[in-house]
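# Remarks on the overall topology
Here are the chains, one letter per residue:
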Amino acid sequence: MYKKYSLLLVTLLVLAGCQSVPKPEPQVAQHQRDHGASAAHRQAFIKDYDRNGDGVVTREEFDQARAAHLRAMDSNQDQRVDETEYVQEFVARMTDEQKEHKTKQLKQAHVRFGVLDRDKDGDLTVQEFALSGARIFAGWDLNQDGVVDAQDPLPTP
C-alpha cells in the first residue's frame, strides 16, 4: 500500500512539474490600455523625451522634458498652469502636428499619383483609376465573396 501511495505521489509531482508556469503580464499603464500602446507610440514617446538623442529615455530626461513643458505652458510665468494656458498649448501642439501631417500627406499624394498614372502621361484615365479601385477593394475583400464585411479576415501588413 505504501508503494501505491509513493507511486501516486511521484506521478503527481511529475505532472505538477509539467504544468507551465504562466509568465507575468507586463505592466501596462491605464493610459496605455485606453489609447492602444504600440511600437509607433513608443517611438513617439522616445522622440518627445529623448533629450540627448541616444534613442533612450531615462527618468531624468523624462522629468527634465516635463519640467520644460510645464514652464512653456505657463505663459504668464506664475508657476501655475490654468485651464486656458493648458488648452492654448494643446491647440498650438495640435496645429503643429496637423501641419506636419498635412505636409507628409501632400508628399504622399504626389507619390500615389505617380503610381496610379501607369502610362506616365500626367493624367489619370478612367481605366487607371478603376484599376486602383479594384486593387483596393480586393485588398479588403479577402474572402473574395464580392462584399467587404466583418466576415473578411483583416489584411496582414
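Located above this text is the structure these notes cover.
Residues numbered from 1 in each chain as written. Predicted model: local features only at pLDDT ≥ 70, side-chain atom pairs only at ≥ 80, totals over all residues. Heavy atoms only, no water.

## Things to note about the overall build of the chain
Stated formally: The secondary structure listing takes helices from DSSP runs of H or I that are at least 4 residues long and strands from runs of E that are at least 2 residues long, numbered from the N terminus. The rule is simple: take the accessible area with a 1.4 Å probe, protein chains only, and divide by the maximum for that residue type; under 20% is buried, over 50% is exposed, in between is partly exposed. A contact between two residues is defined here by any heavy atoms of the two lying within 4.5 Å. Only the protein chains shown count as covering a residue, and every accessible area follows the Shrake-Rupley method with a 1.4 Å probe.
In terms of regular secondary structure, the chain is built from 6 helices and 0 strands. Across the chain, helices and strands are ordered from the amino to the carboxyl terminus as α-α-α-α-α-α. In the chain, buried positions account for 10% of the 157 residues. For the chain, contacts bridging at least 24 residues in sequence account for 1% of all contacts bridging at least 6. Element-wise, carbon and sulfur atoms account for 60% of the exposed surface of the chain, whose accessible area totals about 13900 Å².

## Describing the pattern of salt bridges
Any two side chains of opposite charge can pair, given that their charged atoms come close. In plain terms, the rule: Any carboxyl oxygen of Asp or Glu within 4 Å of a side-chain nitrogen of Lys or Arg constitutes a salt bridge here.
Tallied over the entire structure, the rule returns 3 salt bridges. Residues E89 and R93 are paired through a salt bridge, measuring 3.0 Å at the closest nitrogen-oxygen approach. Placement of both E89 and R93 in helix α5 (residues 83-116) is noted, with a separation of 4 residues, approximately one turn of the helix. Of the residues examined, R93 reaches a relative accessible area of 33% and is grouped as partly exposed.

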